[in-house]
Every structure is written in C-alpha cells, then in structure tokens.
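As a plain string of letters, each chain reads:
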Amino acid sequence: MIQNWMSWEGGTDFVAKTDPSLDQFNVLLHFGRMVHTPVGSAPSGMILWAPNGMGPDAIVGYVSEDPVVGAYFGPNVFAGTPFESAPVLNGKIEITDIEGGMRTRVEVAGHVFEFDLTDLGPTELIHRGMGEPMPFAQQGLEAAAGKASLRVNGEDVKIHVLEHGIAGNSGAIVSPCGVYAR
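Residues numbered from 1 in each chain as written. Predicted model: local features only at pLDDT ≥ 70, side-chain atom pairs only at ≥ 80, totals over all residues. Heavy atoms only, no water.

## Overview of the overall build of the protein
Thought 1: Counting its secondary structure elements, the protein contains one helix and 12 strands.
Thought 2: For the protein, the sequential pattern of α-helices and β-strands runs β-β-β-β-α-β-β-β-β-β-β-β-β.
Thought 3: Expected size for 182 residues packed as a compact globule is a radius of gyration near 16 Å; at 15 Å, the protein falls within 12% of this value.
Thought 4: If one aligns the C-alpha atoms of the protein with their principal axes, the spans along those axes are about 45 × 40 × 30 Å.
Thought 5: Looking at the protein residue by residue over its 182 residues, the buried ones come to 47%.
Thought 6: If you take every contact in the protein between residues at least 6 apart in sequence, the share linking residues at least 24 apart comes to 59%.
Thought 7: Per element, the accessible surface of the protein, about 8600 Å² overall, is 53% carbon and sulfur. (Helix = DSSP H or I, 4+ residues; strand = E, 2+ residues; numbered from the N terminus. Rg over C-alpha atoms; globule rule 2.2 N^0.38 Å. Buried < 20%, exposed > 50% of the residue type's maximum accessible area, 1.4 Å probe, protein only. Contact = heavy atoms within 4.5 Å. Areas by Shrake-Rupley, 256 points an atom, 1.4 Å probe, with all protein chains shown as cover.)

What follows is the structure in structure tokens.
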C-alpha cells in the first residue's frame, strides 16, 4: 500500500561533474516549481554542490521554502538512499519557461545557482517501478535536455552532464509533472 509520496509541477533536474576526471558527480540540482506532499506544498528540491569534494564548502540537502515540506522528503521518500538523512535548507526557488526550455534560480546557503536546460527532446511518459533504480516508484513526463548551463553566484561553471541521471533517466531533464511513491 502506498503511504509516502510527493508530486511536482515544473521540474528541472541535472547531474554533472565539474571535472570529467572525477570518479562521481559533484553537482546535483533537482527542483520543482511546486512540490506537493501529504504535509503541504511548496517550491522544493534537492542539491549537491561539492566543487572541491565534500569539504566545508559543499552544500547538500533538501531545499524548500517550507521547512515542514523539506523535512518530509528524506525519511518518507528517499529512505534507503544517501539522501535519507540530508539536512533541510531554507531557500528560494524560481523556475520559469524560457525559449526552448526552462530556467531555474535557487538561492540557498548564501549562494545563487542558476541553470538553464534547453534544446529539449520530445516529452515522454515514463514509468519506473519500485527499486528501478531508486527505492520508490516514479511516473511522470520527461524531456531530455540537449544543453545545460550553470552559473553560481553569477559566474559560469563548466559542467559535464552525466549521460544518465540517478533515476536512470537522461542526466539533464525537464519534467512538467510527476510523482514518486512508496
């Protein structure tokens, strides 16, 4: 029986490396213009920004404009993943439609992250079963982005988007709507 879920509208998501020689990604930006949960709704998402590894300048956690909504994600949706115990960070999230894609602007932990996902492919209906590869089921609409750009505090950051994201999809997507459930 499904007990825990979240849904979103206007989702943007990408996973990248700032240096292709790194063993794993050091950038994950995954946000929704509006995210709905059983405890409320708010612009929300998750961030991993570790430009110099997991040192003191790394930012990791759930970002939300509502701390109650942000605190729901780890134990209820992402349990069993490395993000299960991630902290909740207060932030401001704006996602807007732009020519050929979407732009996301996130203010969190004293930084401003802006990323554009453009050159979108066709929007496709997706269904990933429980554990494929995440410990929750996922349904939604996704369009792979052919181009991704990132600015942090107004400075362009060179990124290398992964071929596949953490959910097995493209490494950069726009998701008009979807749901995670477990």
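## Describing the environment of Gly110
Thought 1: Inspection of the secondary structure puts Gly110 in the loop between strand S6 (101-108) and strand S7 (111-120).
Thought 2: Classification of Gly110 by relative accessible area gives exposed; the value is 77%.
Thought 3: Separated by 19 residues in sequence, Gly110 and Gly91 place their C-alpha atoms 9.3 Å apart.

## Remarks on the layout of surface pockets
Thought 1: Its boundaries defined by the atoms lining it, the largest pocket holds a volume of some 230 Å³.
Thought 2: Lining the largest pocket are Gln24, Phe25, Leu48, Met54, Val60, Phe78, Thr81, Pro82, Phe83, Met134 and Ile166.
Thought 3: Of the residues contributing to the lining of the largest pocket, the split by class is nine nonpolar, two polar and no charged. (1 Å grid on protein atoms, 1.4 Å probe; cavity = no way out; pocket = protein on both sides within 12 Å on 5 of 7 lines; lining within 4 Å. Points joined across faces, edges and corners; volume = space filled by probe spheres on them. Nonpolar A, V, L, I, M, F, W, Y, C, P; charged D, E, K, R; others polar.)

## With respect to unusual backbone geometry
Thought 1: Here the amide bond leading from Glu132 into Pro133 is cis, since omega sits at -10°, within 30 degrees of zero.
Thought 2: Mapped onto the elements of the fold, Pro133 is located in the loop between strand S8 (124-128) and strand S9 (137-152).
Thought 3: The phi dihedral of Asp119 falls on the positive side, at around 55°, and the residue is not glycine.
Thought 4: Looking at where Asp119 falls in the secondary structure, it is placed in strand S7.
Thought 5: Residue classification places Asp119 among the exposed positions, given a relative accessible area of 53%.
Thought 6: A positive phi angle, close to 55°, is found at Asn153, a residue other than glycine.
Thought 7: For Asn153, the position within the fold is in the loop between S9 and strand S10 (155-157).
Thought 8: Take Asn153: its relative accessible area is 40%, and that puts it in the partly exposed class.

## Considering the packing of aromatic side chains
Thought 1: Taken as a whole and assessed by the stated rule, the structure comprises nine aromatic pairs.
Thought 2: Relative to Phe115, the ring of Phe14 has its centre 5.0 Å away and its plane inclined at 70°; by these criteria the two rings are edge-to-face. Highlighted residues: Phe14 in strand S1 (residues 5-17) and Phe115 in strand S7, separated in sequence by 101 residues.
Thought 3: One aromatic cluster in this structure is built from Trp8, Tyr62, Phe73, Phe78, Phe83, Phe136 and Tyr180. (Phe/Tyr/Trp six-rings, centres within 6.5 Å; stacked < 30°, edge-to-face > 60°.)

## Describing empty space enclosed by the protein
Empty space among the atoms becomes apparent when a probe as large as a water molecule is rolled across them.
Thought 1: All chains considered together, the criterion is met by two cavities of 30 Å³ or more.
Thought 2: Volume-wise, the largest cavity comes out at about 260 Å³.
Thought 3: Together, 26 residues line the largest cavity, and Met6, Trp8, His30, Phe78 and Tyr180 are the ones closest to its centre.
Thought 4: Those elements that provide at least two residues to the lining of the largest cavity are S1, strand S2 (27-37), strand S3 (40-49), S9 and strand S12 (172-181).

## Quick word on the side chain of Gln138
Thought 1: Topologically, Gln138 is positioned in strand S9.
Thought 2: Exposure remark for Gln138: the relative accessible area of 5% places this residue in the buried category.
Thought 3: A polar atom in the side chain of Gln138 sits 3.5 Å from the side chain of Glu142. (Polar contact = N/O pair within 3.5 Å; in protein donor to acceptor, adjacent residues only side chain to side chain.)

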